[in-house]
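Listed below, chain by chain, are the residues.
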Amino acid sequence: MALALRCLRPLPSLLHRSSLAVTRGLPRGCPAPLLEGCRHCVQQMLLSRQLATKKAKGKGQSQAKVNINAALVEDIINLEETSEDMQAVIEALKEDFSRNLNVRTSPGALDHITVMTKDGKFPLNQLGQISQKSPQLMIVNMTNFPESTAAAAKAIRESGMNLNPEVDGMVIRVPVPKVTREHRESLAKLAKQSTNKSKEALRKVRSKSITQVKKFKSKVSEDTIRLLEKQIQQMADEAATEMDKLLAAKTKELLG
């Protein structure tokens, strides 16, 4: 019996050290122990460990890859929403390339040209009937909204599609330009301009997200803020790279 008691004496000390090992890594002054579910502190601990891991893996590399679990930071920022906003910018660029930047102009290319009228902005296809008279000529019949004829002609002329419409009463004649090398190069320049505008929109999404993260500077660790900023920048860089690939493919298509 005496021998058994001597063996049991070290147990409280061992249990105490085990408890410290479980809770080690939590911020000092934590309002609740880990086992009671202090969610904020758990997030801090996991993000700190994640950052340390990424830094260790990134030694000797130009840039470490960051991949934060969105659920861990949902109280700070919705990373999935940020990703969706960036993807929306990419999709808008794709649509612009497909709709407006083609070597051969078709009636469909005129559909969504925005016309400014006294009643507001409207797509051209809601104001006039667009048809192809011949391979070299498109017609926009403005019979239903004759008062918007001049505005529609102006919108076509300023669409950036290298079109020079001619007004004939309530009809707008739109000669289709020949596919010259100059025309191809002009379209390629427009593709570059569209890409630059999209990248500006992308930067706005990134800046908005980083501003949101910085609002929590007083509530979370500096490491957490840096990790989130790095993640957002990485997402923006990946989106910009995809835009560059789209531009390269479109330029090759336009220049032949």
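Residues numbered from 1 in each chain as written. Predicted model: local features only at pLDDT ≥ 70, side-chain atom pairs only at ≥ 80, totals over all residues. Heavy atoms only, no water.

Colleague: Talk me through the pattern of salt bridges; I want residue IDs and the actual numbers.
Modeller: One pass over the structure, following the stated rule, counts nine salt bridges. Here arginine 226 makes a salt bridge to glutamate 222, at a shortest N to O gap of 3.7 Å. With arginine 226 and glutamate 222 both in helix H8 (residues 222-255) and four residues apart, the pair spans about one turn of that helix. Residue arginine 226 is classed as partly exposed on the basis of its relative accessible area of 42%. Residue aspartate 223 pairs with arginine 226 through a salt bridge whose shortest N-O separation is 2.2 Å. Of this pair, aspartate 223 and arginine 226 are both found in helix H8, three residues apart, which corresponds to roughly one turn of the helix. Each of Glu222, Asp223 and Arg226 takes part in salt bridges that share partners, so that together they form one network. (Salt bridge = Lys/Arg side-chain N within 4 Å of Asp/Glu carboxyl O. Helix = DSSP H or I, 4+ residues; strand = E, 2+ residues; numbered from the N terminus. Buried < 20%, exposed > 50% of the residue type's maximum accessible area, 1.4 Å probe, protein only.)

Colleague: Give me the lowdown on the UniProt feature "coiled-coil region" (unreviewed entry) in the chain, citing residues and values where you can.
Modeller: In this numbering, the UniProt entry assigns the feature "coiled-coil region" (unreviewed entry) to residues 218-245. With 86% helix and 0% strand, the stretch residues 218-245 has end C-alpha atoms that lie 40 Å from each other. (UniProt positions renumbered as here; feature names shortened; annotations may be inferred.)

Colleague: Please give an account of a negative patch on the surface that cites residues and values.
Modeller: Together, Glu80, Glu81, Glu84 and Asp85 line one region of the surface with negative charge. Mapping aspartate 85 onto the fold places it in helix H4 (residues 79-100). Residue class for aspartate 85 comes out partly exposed when judged on its relative accessible area of 33%. (Patch = residues over 30% accessible without salt bridge, like charges linked within 9 Å, V, L, I, M, F, W, Y side chains within 5 Å. Areas by Shrake-Rupley, 256 points an atom, 1.4 Å probe, with all protein chains shown as cover. Lys, Arg positive; Asp, Glu negative; His and termini not counted. Charge placed at Lys NZ, Arg CZ, Asp CG, Glu CD.)

Colleague: So, the pairing of strand E2 (residues 120-123): which residues are in play, and what are the values?
Modeller: Across a regular strand the side chains alternate sides, sitting on one face of the sheet and then on the other. Of the pairings in the sheet, the one linking strand E1 (residues 114-117) to E2 comprises four bridges and is antiparallel in character. Bridged to threonine 117 within E2 is glycine 120. In this structure, the hairpin formed by E1 and E2 is closed by a connection of two residues. (Pairing = 2+ DSSP bridges.)

Colleague: An account of the environment of alanine 88 is requested, with residue identities and associated values reported.
Modeller: The topology assignment puts alanine 88 in helix H4. By relative accessible area, which is 45% here, alanine 88 ends up partly exposed. Along the primary structure alanine 88 and leucine 202 are separated by 114 residues, whereas in three dimensions their C-alpha atoms are 9.4 Å apart.

Colleague: Could you give an account of the nonpolar core, with specific residues and numbers?
Modeller: Of all hydrophobic cores here, the largest spans 35 residues; its most connected members are Ile68, Leu79, Met86, Leu228 and Ile232. Those elements that provide at least two residues to this core are H4, helix H7 (181-214) and H8. With 11 residues, the top contributor of residues to this core is H8. Setting aside chain neighbours within four positions, we find leucine 79 in contact with Ile68, Ala70, Val73, Leu228, Gln231, Ile232 and Met235. (Core = buried A, V, L, I, M, F, W, Y, C linked by side-chain atoms within 4.5 Å. Contact = heavy atoms within 4.5 Å.)

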